[in-house]
Amino acid sequence: MLRLTDYARVINKCSHCGYCQATCPVYLEDMLESHVARARLNLINAALIEKTMPVTPRVKEIVNRCLLCTNCTRNCSSMVPCDDIITAARIELAAESGAVDSLKKFVMRKVLNQRGLAGVLTKAGSVAQKLNITSMEMPTLASVTFDRQVSGTVAAQGEKRARVAYFVGCGTNFLFPDTGSAVVKVLAYNGVEVVIPAGIVCCGIPSLAEGDLEGAQESMRTNIEILAGLDVDAIVTDCTSCGMAFKTKAAKLYPENDPLQEKIKLVSEKFWEATDHLNNLGLAVEPGEMAGKFTYHEPCHRGWSLTVDEAPRRLLASIPGAELSEMEEPGRCCGAAGTFYLEHRELAEKIRSHKLEDIKETGAEKVVTQCPVCRFYLGVQLKEQKVMHPLGYLAAAYGL
Amino acid sequence: MNQILEIDQRNMTATVEAGLVLSRFHRTVEKMGLFYPPDPQSMSVCTLGGNVATRAGGPRGVKYGTTGNYVLGMEIVLPDGTVINSGGKFVKQSVGYDITHLMTGSEGTLGVITRINVRLIALPPEHRTIVVTCESPEQAAEIVAEIIARGTVPAMLEYLSQGAVGLMNNMISPPLAGDADAYLLIEVDGNRSQVDYDTAVISGLCKEMKSRDVRVIEDEREAASYWRARSNLYPLMLTIMERVISEDLTVPRSMLPEMVRMVQEVSASTGVGIGLGGHAGDGNIHPTILHFQTSPELDEKSQVAIGELLKKGLELGGTISGEHGIGIHKSEFLAWELGEVQIELMKRIKQAFDPLNIMNPGKIWPEGGECRC
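Cut-offs used in this document
Residues numbered from 1 in each chain as written. Chains lettered and ligands numbered in written order. Predicted model: local features only at pLDDT ≥ 70, side-chain atom pairs only at ≥ 80, totals over all residues. Heavy atoms only, no water. Pairing = 2+ DSSP bridges. Helix = DSSP H or I, 4+ residues; strand = E, 2+ residues; numbered from the N terminus. Axes fitted to C-alpha atoms, helices over the stretch in contact; angles between N-to-C directions. Buried < 20%, exposed > 50% of the residue type's maximum accessible area, 1.4 Å probe, protein only. Contact = heavy atoms within 4.5 Å. Buried area = accessible area lost by both parts, 1.4 Å probe. Salt bridge = Lys/Arg side-chain N within 4 Å of Asp/Glu carboxyl O. Polar contact = N/O pair within 3.5 Å; in protein donor to acceptor, adjacent residues only side chain to side chain. Nonpolar A, V, L, I, M, F, W, Y, C, P; charged D, E, K, R; others polar. Expected span 1.5 Å × (residues − 1). Phe/Tyr/Trp six-rings, centres within 6.5 Å; stacked < 30°, edge-to-face > 60°. Lys NZ or Arg CZ within 6 Å of the ring centre and 35° of its normal. Core = buried A, V, L, I, M, F, W, Y, C linked by side-chain atoms within 4.5 Å. Domains from an automatic or database assignment. 1 Å grid on protein atoms, 1.4 Å probe; cavity = no way out; pocket = protein on both sides within 12 Å on 5 of 7 lines; lining within 4 Å. Points joined across faces, edges and corners; volume = space filled by probe spheres on them.

### Observations concerning the sheet that holds strand β4 (residues 71–77) of chain B
Residue and element names in this part refer to chain B. Here five strands make up an open sheet; going across it, the order is β1-β2-β6-β4-β5 and the pairing antiparallel. Taken across any chain shown, the strands that pair with only one partner, and hence form the sheet edges, are β1 (4–8) and β5 (83–87). With direction set aside, neighbouring strand axes in the sheet form an average angle of 10°. When strand β2 (residues 13–17) meets strand β6 (residues 112–119), the two strands line up antiparallel, connected through five bridges.

### Here's the deal with the pairing of strand β10 (residues 182–190) of chain B
Residue and element names in this part refer to chain B. Across the nine residues of β10, nine count as buried, placing the element largely inside the fold. Judged by which residues are buried, β10 turns out to be covered on both faces: Ala-182, Leu-184, Ile-186, Val-188 and Gly-190 on one side and Tyr-183, Leu-185, Glu-187 and Asp-189 on the other are all buried. As paired elements, strand β9 (residues 156–161) and β10 share six bridges and run antiparallel to each other. Paired with Tyr-159 across the bridge in β10 is Leu-184.

### Some details on the interface of chain B and chain A
At the junction of the two partners, chain B supplies 14 residues and chain A supplies 13 residues. Carbon and sulfur atoms make up 52% of the surface buried where chain B meets chain A, a total of about 1200 Å² over both sides. It is Val-45, Pro-235 and Thr-239 of chain B that lose the most area in chain B upon contact with chain A, and together they represent 38% of the buried surface on that side. One can count three salt bridges joining chain B with chain A. The residue Arg-9 of chain A makes a salt bridge to Glu-242 of chain B at a minimum N-O spacing of 3.5 Å. Run the count over chain B and chain A and you get four residue pairs in polar contact (both at pLDDT 80 or more). Sorting the residues of the side of chain B that touches chain A by element identifies α1 (22–31) and α9 (233–237) of chain B as the ones contributing at least two each. A breakdown of the residues in the side of chain B that touches chain A according to their chemical character gives four nonpolar, seven polar and three charged.

### Considering the sheet that holds strand β1 (residues 152–154) of chain A
Residues and elements named next belong to chain A. Within the open sheet, the five strands sit side by side as β1-β3-β2-β4-β5. Their pairing is mixed. One side of each edge strand has no neighbouring strand; the edge strands of this open sheet are β1 and β5 (271–273). Averaged over all adjacent pairs, the angle separating strand axes in this sheet is 30°, with direction ignored. Its contacts with the sheet put helix α10 (residues 177–189) on β1, β2 (162–167), β3 (192–196) and β4 (234–237), and the angle it makes with β3 is roughly 145°.

### Some details on helix α7 (residues 192–208) of chain B
Residue and element names in this part refer to chain B. Here α7 contains 17 residues, and its C-alpha end-to-end distance of 24 Å stays within 8% of the 24 Å for a straight helix at 1.5 Å per residue. Of the residues making up α7, those classed as buried are Val-195, Asp-198, Thr-199, Val-201, Ile-202, Ser-203, Leu-205 and Cys-206. Tucked into the core, α7 has its buried residues touching β8 (126–134), α5 (137–149), β10 and β11 (213–217).

### Focus on the packing of aromatic side chains
Residues and elements named next belong to chain A. Counted by the stated rule, this structure contains 12 aromatic pairs over all chains. Aromatic pair Tyr-341 and Phe-376: ring centres 6.0 Å apart, planes at 50°, arrangement tilted. Here Tyr-341 is found in helix α17 (residues 340–343), whereas its partner Phe-376 is found in helix α19 (residues 372–379), with 35 residues between them in sequence. A single burial state applies to Tyr-341 and to Phe-376, both of which are buried. Members of the aromatic cluster, each reached through a chain of ring pairs, are Phe-167, Phe-246 and Phe-271. If you follow Arg-352 out to its NZ or CZ, it ends over the ring of Tyr-377, 3.9 Å from the centre. Over the aromatic face of Phe-176 sits the side chain of Arg-375, whose NZ or CZ is 3.8 Å from the ring centroid.

### Considerations on the nonpolar core
By size, the foremost hydrophobic cluster in this structure holds 65 residues, and its most contacted members are Ile-44, Phe-167 and Phe-246 of chain A. Here the element with the most residues in this core is helix α5 (residues 82–97) of chain A; it accounts for seven residues. With residues near it in sequence (within four places) discarded, Phe-167 of chain A still touches Ile-200, Val-201, Cys-203, Asn-223, Leu-227, Ile-235, Val-236, Thr-237, Cys-242, Phe-246 and Phe-271 of chain A. In this structure, Ala-141, Val-201, Cys-206 and Ala-280 of chain B belong to the second largest nonpolar core, which totals 49 residues.

### Observations concerning the pattern of salt bridges
All names here are of chain A. Evaluated as defined, the whole model comprises 40 salt bridges over all chains. Ionic pairing is found between Lys-160 and Glu-193, a salt bridge with its closest N-O pair at 3.0 Å. Of this pair, Lys-160 sits in the loop between β1 and β2 while Glu-193 sits in strand β3, and the two are 33 residues apart along the sequence. The class of Glu-193 is buried, set by a relative accessible area of 14%. The salt bridge partner of Arg-163 is Glu-193, with a shortest N-O separation of 3.3 Å. With a gap of 30 residues between them, Arg-163 in strand β2 and Glu-193 in strand β3 connect regions that are remote in the sequence. Sharing partners across several salt bridges, the network here consists of Asp-83, Asp-84, Lys-249 and Lys-252.

### Observations regarding the environment of Met-1 of chain B
Residues and elements named next belong to chain B. On the secondary structure map, Met-1 appears in the segment before β1. Separated by 85 residues in the primary sequence, Met-1 and Ser-86 have C-alpha atoms spaced 19 Å apart. When sequence neighbours within four positions are dropped, the list of residues in contact with Met-1 reads Glu-17, Ala-18, Gly-19, Leu-20 and Thr-114.

### Examining the domain arrangement of chain A
Frequently, the measure chosen for interface size is the accessible area removed from exposure when the parts meet. All names here are of chain A. In terms of domains, chain A is made up of domain 1 (4–95), domain 2 (99–130), domain 3 (146–278) and domain 4 (286–398). A separation of 29 Å is found between the C-alpha centroids of domain 1 and domain 3. Each side of the interface is counted separately: domain 1 has nine residues, and domain 3 has eight residues. Both faces considered, domain 1 and domain 3 share a buried interface measuring about 610 Å² in area, 60% of it formed by carbon and sulfur atoms. For domain 1, the biggest contributors to the area lost against domain 3 are Asp-84, Arg-90 and Ile-91; these three give 56% of the whole. Taken together, the connections running from domain 1 to domain 3 amount to three salt bridges. Taking the shortest distance from any N to any O, the salt bridge between Asp-83 and Lys-249 comes out at 2.8 Å. Summed over the shared surface of domain 1 and domain 3, the number is four residue pairs in polar contact (both at pLDDT 80 or more). Here the side of domain 1 that touches domain 3 is built from residues that sort into four nonpolar, two polar and three charged.

### Remarks on empty space enclosed by the protein
Residues and elements named next belong to chain A. A complete count under the given rule lists five cavities of 30 Å³ or more for this structure. Here the largest cavity is characterised by a volume of approximately 140 Å³. Lining the largest cavity are 16 residues, with Cys-14, Cys-17, Tyr-19, Cys-20 and Cys-76 positioned closest to its centre. When contributions to the lining of the largest cavity are tallied by element, the ones reaching two or more residues are α2 (37–49) and α4 (71–75). At three residues, the largest contribution of residues to the lining of the largest cavity is made by α2.

Here's what the structure looks like:
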C-alpha cells in the first residue's frame, strides 16, 4: 500500500548509483542534486521515515517539485519504486497538515470523480478563474463531453473479433472527445465490439499526485466495481496514465487483504492501451493512403506495458504514405504532468522547450501521443503541427 | 559549467567544461563522425571533469586506452585561486613537467580542473558483437590471453560470469542461454574488412580452443541490448545483493588464467563470495565481492579478502587499481604497490601544489599521512 512505513526497507535498496540523474527532467533543468530521485529518497527517509530531521518547507518543496513522470523508477536498476515513495510522502504530508488544496480537492472529488454532475463545466471554469489561470494555459473544455456523445455498446463492423470495454479517461471526456470517437470508430471498423460502461469516473492519478489517497481510493473503487462486472475480452483506454493507474497503482491503493483486490487483479489483467491492443489484434482493414511525416512522443507513463510505445509506430507504419520521423529523444518528458505545469510554470516550460525543438527538427506535420495532457501542453505551442492520438491519425486514414 | 565549448574537426580536438556529462559528449561527437572512446559504464551520468580527475577507464580500454590517453590540456584553478592553463590543442608537447597528466588522475588533491581539451579520433564505420560461451572461467581467461597474443585488438573484450549473464538477461533480448560458467562479450570495430578479419580470427581461435559456442550477433538491436545490459551490470547486481564491492586489480594479460585461479582460491580460503566480471581484454577483470546480506563480521572478512587479492595480484605483476583510483577505499594498500619512496615523493608534490592541504584531504593516503599497512 502507498504508506511510507511499507517502504522503509525498499528505500534502502537505492545504491546511490545516481543513474536517475540521466533521465530526471527536473534535475536536468535545475541541476541540483537535491532535485533528483536519489536525494529525494534520502530526504524522505530522514524526514518522514526515520524522522531524524524536521519537515521544513524546503522538504515539502523538494517532495512537490517532482513530475511523477516515473523516469527514475523505469530506469532504476535496483528497482526502487521512486514515484510510489514520493507519492506516499505526499500522502503523508497531506494527511499531517490537511494540505491538499481545498480548491483542487473540490475539482477532483466533485468534478472528475463524479462525472455527469450538472454544470460541471461552469464549475470548472470558475475554478480556473479563481486559480487565476490564463486561458492560454488552461485547456478549453469540450462543449459536449464524450460521455454525452456516445454511450452504450457500439457494434463491431464485419466479423466480430473481440468485445472490449472502453475506459474513457477525463482527458478524453472533458478535453478531447475526438480521441474517444476515433477509438470507438477505429475499433468497431476493425471488428471490435466496444462497450462504454456508464458511471465511470476519474482513474485517480490526479488525486494521488496531490497526496489525496482517499480521493483516489474512492474513484478507483467506483471504477473497479463497474469494470469487474463486465463480460469483455479486454478493457482499453486511450490514455497511458489511466492505464498505469489500473495496471500498477490500483492494487497499491488498498490494504493487501482488502476484498477489492481480487476484482482489481481481474480488471488490471485485462487492461490495454487501445493502440497497443489493436496492434496485438492486427488490423482487419488496410488503411487508406495518407501521405505525410509524423513523429511520435512517448508519454512518460508507459512502464506498464512493454509494447505501448512500439504499437503506434507499428500501426501507423501500415498507413501508405505515412512516414515516421523520429525525434532525437522520443521518450523525453514534455513537462506537463497533470497540473504540474500550472504550479511550476517556469520549470515546465523549460522542460517543454527541448521537446518542442526536437519536434520541430523532425520536420513532421503531425505529432502523435497517447497522453491527453501531453497533447494539450504541446499543442498550445505547436502552431504548424497537429497533435493527435495515434488512433485519431488512423481514423483519418480510414476516412472515419 | 557543463557545456561543449568547441569541437574542432580540423584539429580533431574538443574543448569542454568539466561538468559535461560524458554520454552527451559521445552523442554530439558521434553525430559528426568523430569518436571519443573512453567509456566508463556510468557514462549516462558521469562528467568529463570527474573522468579526468580519476583517470577513468571502461571496456574500450583494451583497444583505445583510458581517459588519460585523450587529455591534451586543461584549465586548472590552483588551491590559492590562481588559474593556470596546461597543455593545449596540439597533439604533442615537450616543455618541462607534464602538469596536464599529473592532474589527470589526481583525484582532486592538487587543484580544480575546470576546462579540458581532449583528442578525438574518427568514428569506426563498422562494429560487430561476438558472444563466446566458455567451458570454464580458466578457459575464458586462456582465450582472452590468446586473442591478445595473436595480435587481434577488439574494441571491447568483457568477461562475464554465469551470475552476471543471469542478471543481464533481464535486459538482453532474446536472452542468452545461462547454463555456462563463463562468457566473453566482444566487440570488434574498424572498416568492413578489418571487422570481418577480426571476427574470423576470434571465431576461429575460440573453436580451436574448444569453447562451447561462438555467436556473431548480426542484429544491431540485439547487440545493443547486450552492451546496455553490460553498462547496467553494477546496479543490476545490487538488485539481489545487499553489498557489492567491485575491485579493479589489473594484471598483465598473459597472467589472466593465473588471476582467475587466484581469485577462486582467495574466495575459498576466506569464505567470501567473489565474482569475476569485466574488462578482461586489458587485464582488468573486476574481482567483485558479493554479499547477499551485510554484517560487521562479513565486512571484516571482506577487508581480509581484498588485502589477499591485492597482494597476490601484485605478485602476478599487476596493479591494485586499473581504473577506479585510490580514494579512501584503497589508500591503506598504496604502499604495497608504490613503496615508501614513491609515496614520499608524491606527498612532496601534493605539498608543492596544496601547502594548506585543502584539496580533497584524506584521499590517496589516509588522513594524517600514515598507511595502516
